[in-house]
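# Structural description and commentary
Spelled out from the first residue to the last, the chains are:
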Amino acid sequence: MPLVFARPVAVLVSGRGTNLQALLDAAAAPDYPARVVRVISNRPGVAALERAAAAGVVGAVVDHRRFADRPAFEDALHAALVDAGAELVVLAGFMRLLTDGFVERWRDRLINIHPSLLPAFKGLDTHARALAAGVRLHGCTVHFVRPAMDAGPIIAQAAVRVGPDDTADDLAARVLRAEHRLLPAVVRWWAEGRLGVHDERVRVAGAAATDGALYGPELEG
Ligand code: GRF
């Protein structure tokens with residue numbers, strides 16, 4: 001049984017929903033302090049909705065094509081989130097840009113997971129672009145959302161090494177494994193009340209700094 005006081009989180013999705021799955025799996029643990037109360041997709045029939053149903057979470061479709069314009073779509077989205085009682089909204093592979101109005105309504109209660117070490121590689125095709133740039137370390141970022149795309153105070157990042165023969169798919173798979181650990185950890189910190197935003201920088205209460213450096217390639221000797 002989840003904690004009765006577990007804090008309510010809604011997840012916005014557009015596709016396969018593996019990050020949603022990671023959160024659902026984490027939330028199934030009895031001591032996890034958050035629970036997914038609603039999964040909302042802007043596309044009908046996506047795998048993420050099946051994952052929600054399998055976990056017994058109410059799924060909803062707010063199909064952007066059914067609305068005259070973006071504000072009308074976002075009003076419906078907002079109403080669905082309020083109806084669900086969500087205190088935090090997680091963008092997990094949600095492929096619609098949100099307007100300033102929506103983002104401001106959910107300021108510091110809206111987080112996104114992005115497959116790069118921001119501020120590098122905003123936007124799409126991050127893994128192919130990382131390979132093309134020859135970076136040695138790549139990764140993922142969870143951040144509070146601000147009006148500009150893939151911008152906003154960074155909460156946490158995970159770095160992975162880039163191998164000499166990696167394809168974009170190899171790299172995507174490695175980063176995705178890191179995403180699946182990072183997102184549930186961040187939602188836990190939020191639910192525990194440990195995230196603070198001051199001057200657009202995030203402090204995670206109780207988080208220890210370590211001296212460990214991640215080298216790519218690994219150093220010899
Ligand atoms: C992830 O790589 C996430 O970082 C990005 O979109 C992808 C969604 O994958 N925003 P999934 O739907 O969670 O499997």
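Quick caveat: nothing in here was measured; it's all calculated off a predicted structure. (Residues numbered from 1 in each chain as written. Predicted model: local features only at pLDDT ≥ 70, side-chain atom pairs only at ≥ 80, totals over all residues. Heavy atoms only, no water.)

Let us look at the overall build of the protein. Across its full length, the protein carries six helices and nine strands. Taking 17 Å as the expected radius of gyration for a compact globule of 221 residues, we find that the protein reaches 18 Å, a close match to that expectation. Taken over the C-alpha atoms alone, the protein extends approximately 55 × 40 × 40 Å along its principal axes. Each of the 221 residues in the protein was classed as buried or not, and the buried ones make up 45%. Taking the intrachain contacts of the protein between residues at least 6 apart in sequence as the baseline, contacts between residues at least 24 apart amount to 63%. (Helix = DSSP H or I, 4+ residues; strand = E, 2+ residues; numbered from the N terminus. Rg over C-alpha atoms; globule rule 2.2 N^0.38 Å. Buried < 20%, exposed > 50% of the residue type's maximum accessible area, 1.4 Å probe, protein only. Contact = heavy atoms within 4.5 Å.)

What follows is about the packing of aromatic side chains. Inspection of the entire model under this criterion finds one aromatic pair. Aromatic side chains Phe67 and Phe73 sit 6.0 Å apart centroid to centroid with 55 degrees between the ring planes, which places their arrangement in the tilted category. The ring centre of Trp190 lies 4.2 Å from the NZ or CZ of Arg7, which sits over that ring. (Phe/Tyr/Trp six-rings, centres within 6.5 Å; stacked < 30°, edge-to-face > 60°. Lys NZ or Arg CZ within 6 Å of the ring centre and 35° of its normal.)

Structurally, the α-helix is built with 3.6 residues per turn, so residues lying three or four positions apart point the same way. Among the residues making up helix H2 (residues 47–54), those that are buried are Ala48, Leu49 and Ala52. When H2 is viewed along its axis, its buried side chains cluster within an angular range of 100 degrees and face the same direction. Away from the buried face of H2 by more than 90 degrees, exposed residues Glu50, Ala53 and Ala54 are located. Contact partners of the buried residues in H2: strand E1 (7–13), helix H1 (18–27), strand E2 (34–41) and strand E3 (59–61). Looking one or two residues beyond H2, the residue adopting positive phi is Gly56, at roughly 75 degrees. (Arc of directions from axis to C-beta.)

Take the sheet that holds strand E5 (residues 110–114) next. The sheet built from seven strands is open, its strands ordered E3-E2-E1-E4-E5-E6-E7 with mixed pairing. The sheet terminates laterally at E3 and strand E7 (154–161), the two strands that pair on one side only. Taken pair by pair, the neighbouring strands of this sheet meet at an average axis angle of 20 degrees, ignoring direction. Bridge count between strand E4 (residues 88–91) and E5: three bridges; the pairing is parallel. Counted as the bridge partner of Val89 is Leu110 from E5. Taken strand by strand, helix H3 (residues 70–84) contacts E1, E2 and E4, and its axis lies near 155 degrees from that of E2. In the packing of helix H6 (residues 168–191) onto the sheet, the strands contacted are E1, E2, E4, E5, strand E6 (137–144) and E7, and the crossing angle to E7 comes to about 155 degrees. (Pairing = 2+ DSSP bridges. Axes fitted to C-alpha atoms, helices over the stretch in contact; angles between N-to-C directions.)

Moving on: the pattern of salt bridges. For the structure shown, the criterion picks out twelve salt bridges. In this structure, Arg105 engages Asp75 in a salt bridge whose closest nitrogen and oxygen atoms are separated by 2.9 Å. Separated by 30 residues along the polypeptide, Arg105 in helix H4 (residues 100–105) and Asp75 in helix H3 bring together distant segments of the chain. When the shortest N-O distance is used, the salt bridge between Arg194 and Glu192 registers 2.9 Å. Given the relative accessible area of 35%, Glu192 is considered partly exposed. Via salt bridges that share partners, Glu104, Arg107, Asp108, Arg146 and Glu200 belong to a single interconnected network. (Salt bridge = Lys/Arg side-chain N within 4 Å of Asp/Glu carboxyl O.)

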